[in-house]
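Take a look at the letters that make up each chain.
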Amino acid sequence: MASVPIFASRSLATTNPLNLLRNSATLRSLPTAQPSFLFYKNLFRRAPTVLPLNLRRSLCHASATNDEEASAKAAAASADSGGPTIFDKIIAKEIPSSIVYEDEKVLAFRDINPQAPVHVLVIPKFRNGLTQLSKAEPKHTEILGHLLHAAKVVAEKEGIMDRFRVVINNGPGACQSVYHLHLHVLGGRQMKWPPG
Ligand code: 5GP
């Protein structure tokens, strides 16, 4: 069964989006165990563009309605505390990562859950309050420019100069999950527009 009828009904669109997800023919193979937040998050990101924008936004929101929501909210709430994130451990090489590019200011490494054949994260080594782009101040302009240039270097090294996208998710409404500014460099396949 195609997924279209599921979203054709206005009344259905007002039901719990998680139920829509579980009923979707495209999702019949979902495990019965409670999927992780990351699972729903990536499901949302991969949601076909036939889904109405408001529903896709609902799915993003609905993906954080259980234990993981508490974790995500806690992460967002403590974002300004200066507490370490998983990226600090990666910068410190306390946990391994596949490094693509590194200089004195930035580190670029492959995303653990790639959304494209090339999916590299570019982060400042010194966060300096940049938990998210909305925290940017004039003092950050140099590192912001450096990050963008590093994204271009990554694209060059990865051989995707003619087909790459740079994404910054800002805040829970954009599904930001790590509060250490990072650029996603995505490519290696045809990118779609509008993005999910
Ligand atoms: P955000 O959702 O905040 O925009 O992006 C965070 C990204 O960090 C996600 O794409 C996620 O897959 C990635 N990520 C989370 N933890 C790790 C990790 O331990 N290692 C790597 N390489 N990537 C991670």
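All figures in this text were calculated on a predicted structure; none of them were measured in a lab.

1. Considerations on the confidence of the model for the protein
Here's step 1: Chain-level pLDDT for the protein is 74 on average; 60% of the residues reach the 70-or-more range.
Here's step 2: Taken element by element, the protein is modelled with least confidence in helix α1 (residues 4-8), mean pLDDT 30, and with most confidence in strand β3 (residues 118-124), mean pLDDT 99.
Here's step 3: Scored below 50 in pLDDT, residues 1-61 shows 71 contacts in the model against residues more than four places distant or in partner chains.
Here's step 4: Per-residue pLDDT stays below 50 along residues 63-68; that stretch engages in nine contacts with residues further than four places along the chain or on separate chains.

2. Let's talk about the environment of E142
Here's step 1: For E142, the position within the fold is in helix α8 (residues 141-158).
Here's step 2: Under the relative-accessibility criterion, E142 is labelled exposed at 55%.
Here's step 3: A distance of 2.6 Å separates polar atoms of two side chains, one belonging to E142 and the other to K105.

3. Re the packing of aromatic side chains
Here's step 1: Here the structure, examined in full by the defined rule, presents one aromatic pair.
Here's step 2: Aromatic side chains F87 and F109 sit 5.5 Å apart centroid to centroid with 75° between the ring planes, which places their arrangement in the edge-to-face category. In this pair, F87 sits in helix α7 (residues 86-91) while F109 sits in strand β2 (residues 106-110), placing the two residues 22 residues apart along the sequence. Comparing F87 with F109, the two get one shared label, buried.

4. Looking at a nonpolar patch on the surface
Here's step 1: The grouping of L148, M161, F164 and V166 at the surface amounts to a nonpolar patch, some 330 Å² of accessible area in total.
Here's step 2: The residue V166 is located in strand β4 (residues 164-167) in this model.

5. So, the sheet that holds β4
Here's step 1: Read from one edge of the open sheet, five strands run β1-β2-β3-β5-β4, paired in antiparallel fashion. Two strands in the sheet have a free side with no partner beyond their single neighbour: β1 (99-102) and β4. Taking each pair of neighbouring strands and ignoring which way they run, the sheet shows an average axis angle of 20°.
Here's step 2: With five bridges joining them, β2 and β3 adopt antiparallel strand pairing. Bridging across to β3, R110 finds its partner in V120.
Here's step 3: α8 rests against β1, β2, β3, β4 and β5 (183-187) of the sheet, and its axis sits at about 155° to β3.

6. Section: the pattern of salt bridges
Here's step 1: A full pass over the atoms with the stated rule returns seven salt bridges.
Here's step 2: Measuring nitrogen to oxygen at the nearest pair gives 4.0 Å for the salt bridge that ties E94 to K89.
Here's step 3: Owing to a relative accessible area of 58%, E94 belongs among the exposed residues under this scheme.
Here's step 4: Residue K89 is classed as partly exposed on the basis of its relative accessible area, which comes to 40%.
Here's step 5: Residues participating in the shared-partner salt-bridge network are K93, E102 and K125.

7. Quick word on unusual backbone geometry
Here's step 1: The peptide bond linking W193 to P194 adopts the cis configuration, its omega dihedral lying at 5°.
Here's step 2: On the secondary structure map, P194 appears in the segment after β5.
Here's step 3: Despite not being glycine, C175 has its phi angle at roughly 65°, a positive value.
Here's step 4: Examined against the element boundaries, C175 turns out to sit in the loop between β4 and β5.
Here's step 5: On the accessibility criterion, C175 (6% relative accessible area) is buried.

8. A closer look at the side chain of D111
Here's step 1: The residue D111 is located in the loop between β2 and β3 in this model.
Here's step 2: Classification of D111 by relative accessible area gives buried; the value is 15%.
Here's step 3: Of the polar contacts made by the side chain of D111, one reaches the backbone nitrogen of N113; its length is 2.7 Å.
Here's step 4: Contacts of D111, omitting those with residues within four sequence positions, involve H119, V120, L121 and H184.

9. Re the nonpolar core
Here's step 1: Residues V106, V120, V122, L147, V154 and V185 are the most contacted members of the largest nonpolar core, which totals 17 residues.
Here's step 2: Sorting the residues of this core by element identifies β2, β3, α8 and β5 as the ones contributing at least two each.
Here's step 3: Sort the elements by how many residues they give to this core and α8 lands first, with six residues.
Here's step 4: Contacts of V154, omitting those with residues within four sequence positions, involve V100, Y101, A108, V120, V122 and V185.
Here's step 5: Formed by eight residues, the second largest nonpolar core is a distinct cluster that contains F87, I90, I91 and L121.

Cut-offs used in this document
Residues numbered from 1 in each chain as written. Predicted model: local features only at pLDDT ≥ 70, side-chain atom pairs only at ≥ 80, totals over all residues. Heavy atoms only, no water. pLDDT = per-residue confidence, 0-100. Helix = DSSP H or I, 4+ residues; strand = E, 2+ residues; numbered from the N terminus. Contact = heavy atoms within 4.5 Å. Buried < 20%, exposed > 50% of the residue type's maximum accessible area, 1.4 Å probe, protein only. Polar contact = N/O pair within 3.5 Å; in protein donor to acceptor, adjacent residues only side chain to side chain. Phe/Tyr/Trp six-rings, centres within 6.5 Å; stacked < 30°, edge-to-face > 60°. Patch = residues over 30% accessible without salt bridge, like charges linked within 9 Å, V, L, I, M, F, W, Y side chains within 5 Å. Areas by Shrake-Rupley, 256 points an atom, 1.4 Å probe, with all protein chains shown as cover. Salt bridge = Lys/Arg side-chain N within 4 Å of Asp/Glu carboxyl O. Pairing = 2+ DSSP bridges. Axes fitted to C-alpha atoms, helices over the stretch in contact; angles between N-to-C directions. Core = buried A, V, L, I, M, F, W, Y, C linked by side-chain atoms within 4.5 Å.

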